Number of protein chains: 2
Amino acid sequence: MEIESATQHKGACGWLKALPSRFKAKVISAAKSIKKLAQDDPRRIIHSLKVGLALTLVSLLYYVRPLYDGFGVSGMWAVLTVVVVFEFTVGQTLSRGLNRSFATFSACALGIGAKHLASLSGEKGEPIILGILVFLLAAASTFTRFFPKIKARYDYGILIFILTFSMISVSGSRVEDLLEMSYQRLSTILIGGAICIIVSIFVCPNWAGQDLHKLVASNIHKLATYLEEFGGEYFQNRSENEEESCGGGDVSKNDKSFLQGYKSVLNSKNTEESLANFARWEPAHGRFRLRHPWKQYLKIGALARQCAYKIESLNVYIGTSDTKVSPEFHGTIQDVCMKMSSESGRALKELASAIKTMSDDPFSSANAYVETSKTAANELKVALESASLNNVDIRAILPSATVASTLIEIVSCVEKISEAVHELSNLAHFKKIREANVLPESSKQPHNLLHRGSVNPVLDGDSNHVVITIDHETTDHSPENDQNPKGPNPAGLRPQV
Amino acid sequence: MEIESATQHKGACGWLKALPSRFKAKVISAAKSIKKLAQDDPRRIIHSLKVGLALTLVSLLYYVRPLYDGFGVSGMWAVLTVVVVFEFTVGQTLSRGLNRSFATFSACALGIGAKHLASLSGEKGEPIILGILVFLLAAASTFTRFFPKIKARYDYGILIFILTFSMISVSGSRVEDLLEMSYQRLSTILIGGAICIIVSIFVCPNWAGQDLHKLVASNIHKLATYLEEFGGEYFQNRSENEEESCGGGDVSKNDKSFLQGYKSVLNSKNTEESLANFARWEPAHGRFRLRHPWKQYLKIGALARQCAYKIESLNVYIGTSDTKVSPEFHGTIQDVCMKMSSESGRALKELASAIKTMSDDPFSSANAYVETSKTAANELKVALESASLNNVDIRAILPSATVASTLIEIVSCVEKISEAVHELSNLAHFKKIREANVLPESSKQPHNLLHRGSVNPVLDGDSNHVVITIDHETTDHSPENDQNPKGPNPAGLRPQV
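If you're wondering where the values come from, they're calculated on a predicted model, not measured in any experiment. (Residues numbered from 1 in each chain as written. Chains lettered and ligands numbered in written order. Predicted model: local features only at pLDDT ≥ 70, side-chain atom pairs only at ≥ 80, totals over all residues. Heavy atoms only, no water.)

Participant: Just checking my understanding: could you explain the overall build of chain A for this structure?
Facilitator: Along the backbone of chain A there are 18 helices and 0 strands. Evaluated residue by residue, chain A yields a buried proportion of 55% over its 497 residues. Of the contacts formed within chain A by residues at least 6 apart in sequence, a portion of 84% connects residues at least 24 apart. On chain A, roughly 21,800 Å² of surface is accessible, and the fraction owed to carbon and sulfur atoms is 61%. (Helix = DSSP H or I, 4+ residues; strand = E, 2+ residues; numbered from the N terminus. Buried < 20%, exposed > 50% of the residue type's maximum accessible area, 1.4 Å probe, protein only. Contact = heavy atoms within 4.5 Å. Areas by Shrake-Rupley, 256 points an atom, 1.4 Å probe, with all protein chains shown as cover.)

In structure tokens form, the structure reads like this:
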């Protein structure tokens, strides 16, 4: 008994003594994760400071007496507006601010009308009629939120509409007081919204459109990196493995992290769609005009995803050195497959660079790479036709044959991506090539050519454009969670108040 | 001139005359889309009515005088809470309600503390100190919202924390008034939250957990449908095409809509993750216990997505009848490939049914189908090895060879899905097989067997379980937008106040 209690005492003492060091370890680990979060995207810190700034600005409404006397308790709506409207990107902040303002305005008008209508039916009838109106309007508005198009753009507005209408119509005040209340609510919301929008746009803005632009370029770059490396990884490592058969495995495993970058492309659909949604709200900024073709980015993104699905099936064949492979057949297709893979990778890298710099310059080399990869695909077809493999063991050629046929598909997919990027270049008026010595591939289409001819040359000399840089942090992120290389919450999937 | 104005007049008249019919057409098309939205998921109508009901209930706070006198203007917080907390699923409503309550409580406490601290520094120092505190707290809290784990669970809570803290600390009131104000705000929010949670749980509840369960089962079912039909579509239509070469093309094109169902599986990751997140907040309901293994659904979902990627590369080969195909080779692999495809389809169908009914019963046949498909895959390997195709044109066997090799991968993927579903069965205590005449595959693993033996038999006789039905609306939805077969917004990706 005594021994037990002594042990317990000792244990408790030990625990207490270990407490400071444990606490220290926890603090250090927390500090490390904060540091990593901030280093991954320094805009996160800036955004946090901007929220603090906007809130401090709106607090002036309370502290500066004349303003405070003017708005009274309603001033808190300005605080509330700043907290719920301020979002990471300008587009999302604008979307929320405008939705909130218009919804409040229309709900106030409708609410006062409903109140007036109900007051006509006497003191006893009024609550009943108002109750029915609130029920009907809330149910109908909630239902409209299920329409995908309305949901994408006006979901927040409808929510605020229901909220304001219910608050106005159930409040016990008379119609005259309501007018005053609505005026105060609307004006404080406008002030709060304006502070958000001004801080969001003028203090280190994060543009959703620019994020989408970077994301699409970086996704194509990730596919390019994979394709450039795939040939060497599959064909050369295989022959090395066959020669050495053991050792060096660790090195190749470590190397493979750069082959995982494409995985984040597989699940990028939602992020891209919501960024495009917010980008539509944004004013012209840098080289992005008001009606920048955001939809075209979604088209390119969808094609990039198609390509990523094919890469996913290629990826199965990396590192499966245990299956028998016919060296004869392997030798036949190795060179041409490596060429297809690396040339389409290079083409994609040029296309990514064209998007990144918003310039037609890289198109000439991209077109050349696309052509070479197509030629290689045709060479492969010829090589396959003429290869007379007698008494062939089909099982031994199966993996390489599948790789070859997937690469042929990837080449045609890259061609489609190239066409889509050319289309984007026309729609978004990319900078023209100065030495137009190589005809771009899409010049086969007369429509595109005509369209290109109509570009306003003033835009070309526009020195006001932003240099867009893409951070290729392919290896820094876990591929499953990293759909969004920079912006922590551009998707706006953030639930509010 | 006269003729022109007469034409204009006629045009205006025609436009005016056409107005009623145009208006009618618009109304009819709107009514049709409303009807479709409601028919796709009748729970949308019920949810809208529930929101109306909850709002009408909370209006009682205003109309019943004793309550109104008690809470005063703060009563509007109850209305606000109902509008912003009430969500489509119980889990989301609970998550928002609890986040809002706890955040308000802690922010009120901290805000009053801050106010007291600031008041010590005199009338001039108070606003400065409060401003600094608001700035620091808002910036720090906003930054914590970037941590993925915190974001997934407590994002809304942090937002409300910033909101309440700012409102409390910048309001011009004295500490005594603040206590009263905090009490009122907290109690009205609790009343509003309680109304939401009660209506959400007791009036036709939509459980996020059940939605996730159905979604995963339905996704596997979609893959199964594809695989069951693929063999016939690829091999038989091809031979028919070769025989007939024309006509009947339209029929096969019309038929293919059911082959598109799998596409929604490709992009289901986000929906599954947010449903799993909300499901964790839900109390036990039906056969789902409090600690139901929701994570295992994510694992099954990820495997199903892997399988969908492979199906995506299979799908390229359907309808490409223009490439040359070696009939000899085709004949060699046709039967065994069709067997692999249909048997793995059947296995998936049984696994979907096992999840759907939460019962071990379908496992025996699922295991049998998995075994048959594995045998078929081995047969294919043998057939490929022994097939001595002299002077073979590799290009002609390439498509079929790729299909065969992709099917081999799909068989192994289906085996993994089967293992994951067996694991789910153990973790979630599925109903046991009554006539245990077939040993399930996973009985090879002694751990699983032990675990299964420990199931509380009371659960088996539980008559209180919910019969879960899966709606296979594969053909009703456009495959790109239909990630979520029933719930219109289980993902909680809904921006609020």
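Participant: Even after reading the chapter, I still don't get the UniProt feature "transmembrane region" (unreviewed entry) in chain A, so can you show me in this structure?
Facilitator: Residue and element names in this part refer to chain A. Feature annotation in UniProt assigns "transmembrane region" (unreviewed entry) to the following positions: residues 45-64, 70-90, 102-122, 128-147, 154-171 and 183-204. Secondary structure within residues 102-122 divides into 90% helix and 0% strand; the distance between the first and last C-alpha atoms comes to 31 Å. In residues 154-171, the share of helix is 94% and the share of strand is 0%. The end C-alpha atoms are 26 Å apart. (UniProt positions renumbered as here; feature names shortened; annotations may be inferred.)

Participant: When you look at the pattern of salt bridges in this model, what are you seeing that I'm missing?
Facilitator: Once the charged atoms of two side chains with opposite charge are near each other, the side chains can pair. Evaluated as defined, the whole model comprises 34 salt bridges over all chains. Residue A:Arg43 is joined to A:Asp211 by a salt bridge in which the shortest nitrogen-to-oxygen separation is 3.1 Å. A residue pair is termed long-range when its members are at least 10 positions apart, and A:Arg43 in helix 2 (residues 43-63) and A:Asp211 in helix 9 (residues 208-244) qualify at 168 residues. A salt bridge links B:Glu371 to B:Lys374, with the shortest nitrogen-to-oxygen separation between them at 3.8 Å. Placement of both B:Glu371 and B:Lys374 in helix 15 (residues 363-386) is noted, with a separation of 3 residues, approximately one turn of the helix. (Salt bridge = Lys/Arg side-chain N within 4 Å of Asp/Glu carboxyl O.)

Participant: Any chance you could explain a nonpolar patch on the surface here in plain terms?
Facilitator: Residues and elements named next belong to chain B. Taken together, the side chains of Leu53, Leu57, Leu60, Ile198, Phe202 and Val203 make up a nonpolar region of the molecular surface, amounting to roughly 520 Å² of accessible area. When contributions to the nonpolar patch are tallied by element, the ones reaching two or more residues are helix 2 (43-63) and helix 8 (175-202). Among the residues examined, Leu53 registers a relative accessible area of 33% and is labelled partly exposed. (Patch = residues over 30% accessible without salt bridge, like charges linked within 9 Å, V, L, I, M, F, W, Y side chains within 5 Å.)

Participant: Please explain the packing of aromatic side chains as it appears in this structure.
Facilitator: Aromatic rings in a pair are described by how distant their centres are and how their planes are angled relative to each other. Going through the model one piece at a time under the given rule, you end up with 21 aromatic pairs over all chains. Plain terms: the ring middles of A:Phe88 and B:Phe146 are 5.8 Å apart, the flat faces sit at 80° to each other, and that makes the pair edge-to-face. Linking A:Phe88 in the loop between helix 4 (75-85) and helix 5 (90-119) with B:Phe146 in the loop between helix 6 (122-144) and helix 7 (148-170), this pair reaches from one chain into another. Under the relative-accessibility criterion, A:Phe88 is labelled buried at 1%. Judged by centre distance (6.4 Å) and plane angle (15°), the rings of B:Phe161 and B:Phe165 are stacked. Taken together, the residues span about one helical turn, with B:Phe161 and B:Phe165 both in helix 7 at a distance of 4 residues. For the pair B:Phe161 and B:Phe165, a shared accessibility class is recorded, and that class is buried. Ring-pair connections join several aromatic residues into one group, and the members of that group are A:Phe88, B:Phe143, B:Phe146 and B:Phe147. Here the guanidinium or amino end of A:Arg185 rests over the ring plane of A:Trp77, the centre of that ring lying 4.1 Å away. (Phe/Tyr/Trp six-rings, centres within 6.5 Å; stacked < 30°, edge-to-face > 60°. Lys NZ or Arg CZ within 6 Å of the ring centre and 35° of its normal.)

Participant: What exactly am I supposed to notice about the side chain of A:Thr406 here?
Facilitator: All names here are of chain A. Examined against the element boundaries, Thr406 turns out to sit in helix 16 (residues 394-427). With relative accessibility at 7%, the residue Thr406 sits in the buried group. Excluding anything up to four places from it in sequence, Thr406 contacts Lys310, Ser313 and Leu314.

Participant: It is not clear to me how the packing of helix 6 (residues 122-144) of chain A against helix 7 (residues 148-170) of chain A should be interpreted in this structure. Could you clarify?
Facilitator: How two helices sit against one another is set out by the angle between their axes and by the gap between those axes. Residue and element names in this part refer to chain A. Two elements in contact, helix 6 and helix 7, have axes separated by 9 Å at closest approach and are oriented at 170°. As summarised for this structure, helix 6 and helix 7 are arranged roughly antiparallel, according to the angle between their axes. Packed against helix 6, whose contacting residues are Leu130, Leu133, Val134, Leu137, Ala138, Ser141, Thr142 and Thr144, the element helix 7 presents Ile150, Ile158, Phe161, Ile162, Phe165, Ser166, Ser169 and Val170 at the interface. Taken together, the residues of the contact of helix 6 with helix 7 break down into 11 nonpolar, 5 polar and no charged. (Axes fitted to C-alpha atoms, helices over the stretch in contact; angles between N-to-C directions. Parallel < 35°, antiparallel > 145°, perpendicular 65-115°, else oblique. Nonpolar A, V, L, I, M, F, W, Y, C, P; charged D, E, K, R; others polar.)

Participant: In this structure, what is going on with the packing of helix 5 (residues 90-119) of chain B against helix 8 of chain B? I would like to understand it.
Facilitator: All names here are of chain B. Across the interface, helix 5 lies against helix 8 with an axial gap of 9 Å and an inter-helix angle of 175°. In terms of their interaxial angle, helix 5 and helix 8 are classed as roughly antiparallel. Across from Val90, Thr93, Leu94, Arg100, Ser101, Thr104, Phe105, Cys108, Ile112, Lys115 and His116 in helix 5, the residues of helix 8 making contact are Val175, Leu178, Leu179, Ser182, Arg185, Leu186, Ile189, Leu190, Cys196, Ile197, Ser200 and Ile201. Of the residues contributing to the contact of helix 5 with helix 8, the split by class is 14 nonpolar, 6 polar and 3 charged.

Participant: Could you clarify how one ought to interpret the confidence of the model for chain A in this entry?
Facilitator: Low pLDDT means the predicted coordinates in that region are not meant to be read closely. Residues and elements named next belong to chain A. With 75% of its residues at a pLDDT of 70 or more, chain A has an overall mean of 78. Low confidence marks residues 245-254, where pLDDT is under 50. Its contacts with residues over four positions away, or in another chain, come to 3 contacts. Predicted confidence for residues 435-497 stays below pLDDT 50, and this span has 151 contacts to residues more than four positions away or in other chains. We note a pTM of 0.79 for the whole complex and an ipTM of 0.78 for its interfaces. (pLDDT = per-residue confidence, 0-100.)

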